[in-house]
Amino acid sequence: MQQHTGQHVFSAVADLLLGADTASWELHPLDPEMHRSGDYGCVAVDLTVPQISAEQLLELEARANAELRALRSVTPLVLDPRVAADVERMESLRADPVFRGQLPPPEKIKGGKLRLINVERLDINACGGTHVRSTGEVQLLKVVGAERTRGHTRVRVMCGGRALMALGGCLTREAALTAKLTCPPVRHEEMVDLLLRDRREGSKARKLLSAELAVHVGRALAQGPDGGGLAAGGVPLQSGQSWAILHRQSSDLDFLSLVATAALEAASGLQLLLLTADSTEPGSVLPSKRAGAEDGVEITFLVAGRPELVKSAGARVAEAFGGRGGGRPGRFQGKAIGLFRLSAAVQAFREAVLAAGLA
């Protein structure tokens, strides 16, 4: 009732100050999912003006709150167009300068009676909703956002208890940020900008380091079983003279692709199976073949090397994982669920390279 009565007041004020009609409005629920769109618990009012400046929004908000403080009565009027006195009253209301909207013809009135809401000396509108008894019961109105939409301007407002609840949440988050950022609220934006800048620069540095590491790992793979002791580059590590398997934790497909490129540049005849799963730790052993708690682990795999062998070996690995994959000549990549299938996939790859005569 606070939100709906607040909408009546806000729409009336928008008409008075901007000459803007209310094309439509919507009361949004207190649904946390609505936070993403900015509609959480607010009233969205579409005004028939193409844009509203920040100064105009402040003026609308101030005037609306002044009207709330004026303690105007909010009274329902029920009129029957079949009654002469009510017809006369309807004609009188149409002439009232605070009357807004249009009255339907008598034959369109459901139940034969028309319900209007009269906000004392501010707004008269046909409305079947529920309202508070006085504008003072709305307590307050806060504009929380505005955007252009289909030639109109959508203004979001919050009233009464919802506005106070939102303010309480803002103050709680402000206190938490003050503690975490170790600076007063007036410097929060500045500190967040600095953190975002550091994050961007750190991300660039990590990508460069990751690329350098991938090249190192790829070249070490190309050197074969005795090439540089790659135990730290990924586990478990199995390899022959012309093939290698690397299981590296906490990587991604981009890293695996860089490793494959570096390895094949150093040894073009190499056949590779590269895997990663975030839940594995350095030095861990291959999991058992039984399904269990590991079932939900996502594994990313990449088979790279000679195109004709990659196609067959990749299909075998995907089948062993119970997953799917594909790619281009010389690369077969895919994802699967279930770390317990890793041993079977490794075995399937080894069988494929042995069948091709690779030592």
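Residues numbered from 1 in each chain as written. Predicted model: local features only at pLDDT ≥ 70, side-chain atom pairs only at ≥ 80, totals over all residues. Heavy atoms only, no water.

Caption draft 1: Broad picture of the sheet that holds strand 3 (residues 74-79). Spatially, 3-4-5 is the arrangement adopted by the three strands of the open sheet, whose pairing is antiparallel. Because the sheet does not close on itself, it has two edges, and the strands there are strand 3 and strand 5 (123-126). On average, each strand axis in the sheet is inclined to that of its neighbour by 20°, with strand direction left out of account. Pairing of strand 4 (residues 114-119) with strand 5 involves four bridges; the strand directions are antiparallel. Bridge pairing in strand 5 links Val119 to Asp123. Along the sheet face, helix 1 (residues 2-18) touches strand 3, strand 4 and strand 5 and points at about 120° away from the line of strand 5. (Pairing = 2+ DSSP bridges. Helix = DSSP H or I, 4+ residues; strand = E, 2+ residues; numbered from the N terminus. Axes fitted to C-alpha atoms, helices over the stretch in contact; angles between N-to-C directions. Contact = heavy atoms within 4.5 Å.)

Caption draft 2: Just the packing of aromatic side chains, in detail. What the rule picks out here adds up to two aromatic pairs. Judged by centre distance (5.4 Å) and plane angle (25°), the ring pair of Phe301 and Phe321 falls under stacked. Here Phe301 is found in strand 11 (residues 298-304), whereas its partner Phe321 is found in helix 7 (residues 307-321), with 20 residues between them in sequence. Assigned by exposure class, Phe301 and Phe321 land together as buried. Note on Phe301 and Phe332: the rings are 6.4 Å apart at their centroids and 20° apart in plane angle, and the pair reads as stacked. (Phe/Tyr/Trp six-rings, centres within 6.5 Å; stacked < 30°, edge-to-face > 60°. Buried < 20%, exposed > 50% of the residue type's maximum accessible area, 1.4 Å probe, protein only.)

Caption draft 3: Layout of the environment of Leu17. You can see Leu17 is positioned in helix 1. For Leu17, the contacting residues outside a window of four places in its chain are Glu59, Leu60 and Arg63.

Caption draft 4: Quick look at unusual backbone geometry. In the Ramachandran plot, Arg121 falls in the positive-phi region, its phi being about 55° despite a non-glycine side chain. Summarising the element assignment, Arg121 is placed in the loop between strand 4 and strand 5. The phi dihedral of Gln139 falls on the positive side, at around 80°, and the residue is not glycine. The topology assignment puts Gln139 in the loop between strand 5 and strand 6 (141-149). Of the residues examined, Gln139 reaches a relative accessible area of 45% and is grouped as partly exposed.

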